[in-house]
Amino acid sequence: DEAISAYQVSSRQQPSEILNIAICHELAGRITQATAGYETAHRLMPHRADVLARLAQTHATQCQADAEAAATTRLAGVLDRPLAGDDV
């Protein structure tokens, strides 16, 4: 929870820190909060394969097959396209 607080402060300047907050939630077993964070991170960084992979995993953990399939399909689309400078 201390790390989450630090990332929340940091996210005021760098919104992409939501990804680190979501990872903290996932590691703490708060899968619903993690999923919400990964969804926000995906909206901010739609071409990040790692975000989509984590999102698909949290959907799978919650037995949300349709949501997992949608995230996996988006992940495949990201992996099939050439990298751009802002993707790394």
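See the structure shown above.
Quick summary incoming for the structure in this document. (Residues numbered from 1 in each chain as written. Predicted model: local features only at pLDDT ≥ 70, side-chain atom pairs only at ≥ 80, totals over all residues. Heavy atoms only, no water.)

**Considering the pattern of salt bridges**
- The final tally for this structure, using the stated rule, is 2 salt bridges.
- A salt bridge links Glu26 to Arg54, with the shortest nitrogen-to-oxygen separation between them at 3.2 Å. Residue Glu26 is located in helix H2 (residues 18-27), and its partner Arg54 is located in helix H4 (residues 49-61); the two are separated by 28 residues in the primary sequence.
- For Arg48, the salt bridge is made with Asp50, and the minimal N-O distance between the two is 2.7 Å. (Salt bridge = Lys/Arg side-chain N within 4 Å of Asp/Glu carboxyl O. Helix = DSSP H or I, 4+ residues; strand = E, 2+ residues; numbered from the N terminus.)

**Observations regarding the environment of Leu52**
- Positionally, Leu52 belongs in helix H4.
- A sequence separation of 11 residues divides Leu52 from Ala41, and the C-alpha atoms of the two residues are 9.0 Å apart.

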